[in-house]
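Fold and contact review
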Amino acid sequence: MNASPVIRKTRADLQVVPNFSDYDAEQRRFSWDAAARELAKEPGGGINIAFQAVDRHCVAGLRDKPALRFLARGAAARSISYGELAALTNRFCNALRCLGIGKGDRVFILAARIPELYIALLGSLKNGAVVSPLFSAFGPEPIATRVNLGAASVLVTTDTLFARKIAQWRDSMPGLKHVLLVADDGGTTAVPGTLDFATLMASAAQTCTYEATSAEDMALLHFTSGTTGTPKGAVHVHGAAVTHWVTGRYALDLHPDDLYWCTADPGWVTGTSYGVIAPLLHGVTSVVDREEFDAERWYSILQDEGVSVWYTAPTAIRMLMRAGADIAKRYTFAHLRFVASVGEPLNPEAVWWGKDVLGLPIHDNWWQTETGGIMIANTPAFDIKPGSMGRPLPGVEAAIVRRRDDGTVQIVSEPGTQGELALKRGWPSMFRGYLGNEERYRKCFAGDWYLTGDLALRDADGYYWFVGRADDVIKSAGHLIGPFEVESALMEHPAVAEAAVIGKPDPVVGETIKAFVSLNRGFEPDETLRMTLLGHARKRLGAAVAPKEIAFVAQLPHTRSGKIMRRLLKARELGQAEGDTSTLEAGS
Ligand code: ATP
Ligand code: MG
């Protein structure tokens, strides 16, 4: 647990009245049934994500309000209003129907963050089809594996990506009935064996009756990041929209006038749950940037687009920190009022950096592909303890547990005790299975508790602190050491941009700690710095927990969703096979 000071929230810090301010009262008051009733009633009592996210607002008078604002280098921004999005997704829904695609059929999308990705995603949901957006940077093999595992009938992609990654491998995806191509030059395509997206859209009707779906009907397939092993295909249902609605309100504090930016790609669950669904459910305008990370570009988007709520990831924040405060000083963030982050532990330094450079602390929150939505969060409603993930949101019951040999769990109620983070079943966006792996799904549960595989502890105030993934925890001389604590201590040093630690087998102490460190600009990876960092860590953590070895690297290996792949560092260090690297970012 980090002893750094608490960031107190006062009314004066808040530019708008937050969606909730009394955490305890909201916890008591909250019920998922009541939250579901806040969304529009649908025929037959069901729920369809696309109807709730798009069409509902057209009825409610937001027809002309921009829903999505697409930015791309060298091109003018393109805004699509809620009314246009309704019409475009109707067309796509109808186009699928013309192809004989309907409820339960699987539509995969492989595209950069272009409008067609969002139209196909929401249009498929309207059609009752199940969608799986993939990272466009995936190579042919990870694409084919996922398409086959997910039994995809349709693949939506671009002509360029098709030529590079699908054409030669199409025979290895025998279940694929249709490939729809978006022309990268904005025109039409005529590639044998494929259909042209623009032509299909133009010939499809602009009005349609969406497919009524129940809360339990499958809506999305999301593959996990593959940080700890082969990615798993998590099944999500239409009822998940209730979680997206609620967490958009509590954890992102979305208000109707917000200009919102989620930097995640829809190939990662964050980019779908919070880059598409949650902001649309709240009727806000989102910016979508097609380009990859670039410090200057990102600051200028925050400034020029007038972003008010920003949801990003620790790796991106650390890259901004590495780029230096001088760049940030050239910009002003007059509209920015709330910043949140997910995906990795957020070291306290990064929370404070937000306060110094953006004028706002960064609010860490925790969730997983499997949970479908944010579960534990720092919100505007309560003080931040930098280094903590925050507190369970209303409707979420969390606990620290220990697994027993008989498959049951014991709840650890003593504050400050480390154990596995578990969540009580019952939130609507919980995954309903791992594709093709029922056994593994069952093993995630002990009675009513979903076991997350993450180790954490809860303090006396109910804040949760991430310790590490169960797979990454290091056992050294009788201590259980969470990598996050060691990494955070290293990142306190001004030379360190990012750090990852692993355990190396040792005959005497079980495992010794080795740290991999990338440096900030202006620091040399030499022996003097190595000794300084070893000394800094020892002083900060004590000899038993401090790393024994430090290796300097230009860059740590990351997944495409921005997570450090410690297992890869370990495999490389021990000369073992690297395992599944399908989600590894290029150059890592
Ligand atoms: P795989 O399950 O395939 O190994 P993954 O767990 O990285 O991949 P995701 O579902 O994208 O796949 O990531 C969820 C995990 O990310 C969490 O279980 C946790 O380990 C980590 N995580 C997410 N948010 C936070 C956070 N705020 N603090 C610490 N860790 C986080
Ligand atoms: Mg996981």
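The preceding data block contains the structure.
Residues numbered from 1 in each chain as written. Chains lettered and ligands numbered in written order. Predicted model: local features only at pLDDT ≥ 70, side-chain atom pairs only at ≥ 80, totals over all residues. Heavy atoms only, no water.

1. Considering the overall build of the protein
Across its full length, the protein holds 18 helices and 27 strands. Computed over the C-alpha atoms, the radius of gyration of the protein is 23 Å, within 12% of the 25 Å expected from 2.2 N^0.38 for a compact globule of 588 residues. Projected onto its principal axes, the C-alpha coordinates of the protein cover approximately 70 × 60 × 55 Å. Taking the intrachain contacts of the protein between residues at least 6 apart in sequence as the baseline, contacts between residues at least 24 apart amount to 70%. For the protein, the accessible surface area stands at approximately 22,400 Å², while carbon and sulfur atoms represent 51% of it. On the protein, the mean spot of the 62 positive side-chain charges and the mean spot of the 66 negative ones are 2 Å from each other. (Helix = DSSP H or I, 4+ residues; strand = E, 2+ residues; numbered from the N terminus. Rg over C-alpha atoms; globule rule 2.2 N^0.38 Å. Contact = heavy atoms within 4.5 Å. Areas by Shrake-Rupley, 256 points an atom, 1.4 Å probe, with all protein chains shown as cover. Lys, Arg positive; Asp, Glu negative; His and termini not counted. Charge placed at Lys NZ, Arg CZ, Asp CG, Glu CD.)

2. Considerations on the sheet that holds strand β27 (residues 549-552)
Pairing within the open sheet is mixed, and its three strands lie in the order β25-β26-β27. In this open sheet, the two strands that pair with only one neighbour each are β25 (496-506) and β27. Strand-to-strand twist of the sheet, defined as the mean angle between neighbouring strand axes without regard to direction, takes the value 25 degrees. Bridging between β25 and strand β26 (residues 510-519) involves ten bridges; their strand directions are antiparallel. Pairing of K504 across the sheet is with T512, part of β26. Contacts from helix α16 (residues 483-491) reach β25, β26 and β27, with the element oriented near 140 degrees to β25. Where helix α18 (residues 566-574) meets the sheet, its contacts fall on β25 and β26, and the angle it forms with β25 comes to roughly 50 degrees. (Pairing = 2+ DSSP bridges. Axes fitted to C-alpha atoms, helices over the stretch in contact; angles between N-to-C directions.)

3. Points about the site of ligand 1
Around ligand 1 sit 24 residues in total, of which T224, T227, T228, N365 and T369 are the nearest. At 3.5 Å, a backbone N or O of P345 approaches a nitrogen atom of ligand 1. Between ligand 1 and K563, the relevant distance is 2.9 Å, taken from an oxygen atom to a side-chain nitrogen or oxygen of the residue. Within the residue set of the shell around ligand 1, elements represented by two or more residues are β14 (362-366) and β22 (464-469). Of all the elements, β14 adds the most residues to the shell around ligand 1, at three residues. Taken together, the residues of the shell around ligand 1 break down into seven nonpolar, ten polar and seven charged. (Near = heavy atom within 4 Å. Polar contact = N/O pair within 3.5 Å; in protein donor to acceptor, adjacent residues only side chain to side chain. Nonpolar A, V, L, I, M, F, W, Y, C, P; charged D, E, K, R; others polar.)

4. Regarding the environment of D294
Inspection of the secondary structure puts D294 in the loop between β11 (285-289) and α11 (295-304). Since its relative accessible area comes to 27%, D294 is described here as partly exposed. Along the sequence, D294 and M319 sit 25 residues apart, while their C-alpha atoms lie 8.9 Å from each other. Separated by 3.0 Å, the side chain of D294 and the backbone nitrogen of E296 make a polar contact. (Buried < 20%, exposed > 50% of the residue type's maximum accessible area, 1.4 Å probe, protein only.)

Any functional reading would require information beyond the geometric quantities listed.
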